[in-house]
Amino acid sequence: MASLFQCVKDREVELNDVKDIIITGDVGCTGFDEESKTVLASILNQKADLFFIVGDIAFMGDKKELQEVMDFCNNRASAPVYSLCGNHDIPAYKELCGISSYALIFPQMVCVFLDNSTARFVVADMEFLERTLQKYADREFMIFFHIPPPFESQSSTMSDMEWGRIRNITDKFKDRIACIICGHIHGFYEYMKDGYRVFITGGGGGKMIYDLPEGGSKIYHALKVSVGRDVPVEIKVIPV
């Protein structure tokens, strides 16, 4: 039986018939205990065409921990699971999950996963982002990082310098970037940053250890994203 948790081997993966995506993050970064398992099981029980985990799958990131979460997903998910490397996942991510910066190509949209688990973007990955934005000029984009762009009152974000490096690329294509979706900060928060709509979805099972600004929610949750040709991206919070 094929694994639903994907080990990505190609920079571009073409997929069809995708409408509903369930997105969560920070599944096991404070330990994949019974509470975390209950949360993730509820998320994986949602009806979807794809599941995304935007980093911090495990606590120490060793093979045993990552494999436990992958097996858990394989036994409960009803659709393929794609992941992004978080800072907790670095040790064994490449071996078990494959390349950490890649794009899912849909007929109506492109989802780019860009690894900033070390708090910096690799030049080759940034070049890949720009090439992909240029190549699929007829489509909207959702861009995924683990560590989110800076926002007021939170120090656990990417630096202003790293955000500036990304903006040097994305600002040329801003009208086609529907949103940026990240994890790392446990809970839910939506904000605008330099004209970009940003969602933080770190509610996949990790303990609620971060303070959030007004409007944020320290809740277990996932995001449901519905995509379609010639219609706006629709994003809903699914509390757990």
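From a predicted model like this one, the values you see are computed outputs, not experimental measurements. (Residues numbered from 1 in each chain as written. Predicted model: local features only at pLDDT ≥ 70, side-chain atom pairs only at ≥ 80, totals over all residues. Heavy atoms only, no water.)

Visitor: Tell me about the sheet that holds strand S2 (residues 20-24), and please be specific about residues and values.
Guide: Strand order in the open sheet made by the five strands is S4-S3-S2-S10-S11, with mixed pairing throughout. The open sheet is flanked by strand S4 (81-83) and strand S11 (234-239), the only strands paired with a single partner. Between one strand axis and the next, the sheet turns through 25 degrees on average, direction left out of account. The pairing of strand S10 (residues 221-226) with S11 spans six bridges and is classified as antiparallel. By the bridge assignment, Ser-226 is partnered in S11 with Glu-234. (Pairing = 2+ DSSP bridges. Helix = DSSP H or I, 4+ residues; strand = E, 2+ residues; numbered from the N terminus. Axes fitted to C-alpha atoms, helices over the stretch in contact; angles between N-to-C directions.)

Visitor: Give a detailed account of the layout of surface pockets, specifying residues and quantitative values.
Guide: Gaps left between atoms show up when a probe the size of a water molecule is rolled over them. The volume enclosed by the largest pocket comes to roughly 240 Å³. The wall of the largest pocket is formed by 15 residues, among which Ile-99, Ser-100, Ser-101, Asp-115 and Asp-125 lie closest to the centre. Per-element tally for the lining of the largest pocket: the top contributor is helix H3 (residues 90-97), with three residues. Residue composition of the lining of the largest pocket, by class: five nonpolar, five polar and five charged. (1 Å grid on protein atoms, 1.4 Å probe; cavity = no way out; pocket = protein on both sides within 12 Å on 5 of 7 lines; lining within 4 Å. Points joined across faces, edges and corners; volume = space filled by probe spheres on them. Nonpolar A, V, L, I, M, F, W, Y, C, P; charged D, E, K, R; others polar.)

Visitor: Explain the environment of Glu-14 residue by residue, including any values.
Guide: Assignment of secondary structure puts Glu-14 in strand S1 (residues 12-14). For Glu-14, a relative accessible area of 63% translates into the label exposed. C-alpha separation for the pair Glu-14 and Ala-103, spaced 89 residues apart in sequence, amounts to 8.5 Å. (Buried < 20%, exposed > 50% of the residue type's maximum accessible area, 1.4 Å probe, protein only.)

Visitor: Just give me the short version of helix H4 (residues 123-135), but keep the residues and values in it.
Guide: The end-to-end C-alpha separation of H4 is 18 Å, in line with the 18 Å expected for 13 residues at 1.5 Å each. Listed in full, the buried residues belonging to H4 are Asp-125, Met-126, Phe-128, Leu-129, Thr-132 and Leu-133. All buried residues of H4 lie within an arc of 155 degrees about the axis, which places them on one face of the element. (Expected span 1.5 Å × (residues − 1). Arc of directions from axis to C-beta.)

Visitor: Before we move on, can you summarise the pattern of salt bridges with the specific residues and values?
Guide: Within the structure shown, the criterion is met by 14 salt bridges. Between Asp-33 and Lys-207 there is a salt bridge, with its nearest N and O atoms 2.7 Å apart. Within this pair, whereas Asp-33 is found in the loop between S2 and helix H1 (34-44), its partner Lys-207 is found in the loop between strand S9 (196-202) and S10, the two being separated by 174 residues in sequence. When its relative accessible area of 30% is taken as the criterion, Asp-33 is described as partly exposed. On the basis of relative accessible area, Lys-207 is assigned to the partly exposed category, the value being 26%. (Salt bridge = Lys/Arg side-chain N within 4 Å of Asp/Glu carboxyl O.)

Visitor: Break down unusual backbone geometry for me, citing the residues and quoting the values.
Guide: The residue Ala-119 is not glycine, and still its phi comes out positive at about 75 degrees. Structurally, Ala-119 can be placed in the loop between strand S6 (109-113) and H4. Positive phi, close to 80 degrees, is recorded for His-184, a residue that is not glycine. Along the chain, His-184 turns up in strand S8 (residues 177-193).

Visitor: Break down the nonpolar core for me, with residues and values.
Guide: Ranked by size, the top nonpolar core spans 32 residues in total, and within it Val-112, Leu-129, Phe-145, Ile-166 and Ile-180 carry the most contacts. Among the secondary structure elements, those contributing two or more residues to this core are strand S5 (102-105), S6, H4, strand S7 (140-144), helix H5 (160-170), S8 and S9. Looking at this core element by element, the count peaks at six residues for S8. When near neighbours in sequence (up to four residues on either side) are disregarded, Ile-180 contacts Ile-143, Phe-145, Trp-163, Tyr-196, Arg-197, Val-198 and Phe-199. (Core = buried A, V, L, I, M, F, W, Y, C linked by side-chain atoms within 4.5 Å. Contact = heavy atoms within 4.5 Å.)

Visitor: If you had to explain H1 to someone new, which residues and values would you point to?
Guide: Restricting attention to buried positions, one finds in H1 the residues Ser-36, Val-39, Leu-40, Ile-43 and Leu-44. Each buried residue of H1 sits inside an arc of 130 degrees when the element is viewed along its axis, so together they form one side. The exposed set on the far side of H1, more than 90 degrees from its buried face, consists of Glu-34 and Thr-38. In this structure, the buried residues of H1 make contact with S2, strand S3 (50-53), helix H2 (63-76) and S10. Its side-chain oxygen placed 3.3 Å from the backbone nitrogen of Glu-35, Asp-33 serves as the N-cap of H1. (Polar contact = N/O pair within 3.5 Å; in protein donor to acceptor, adjacent residues only side chain to side chain.)

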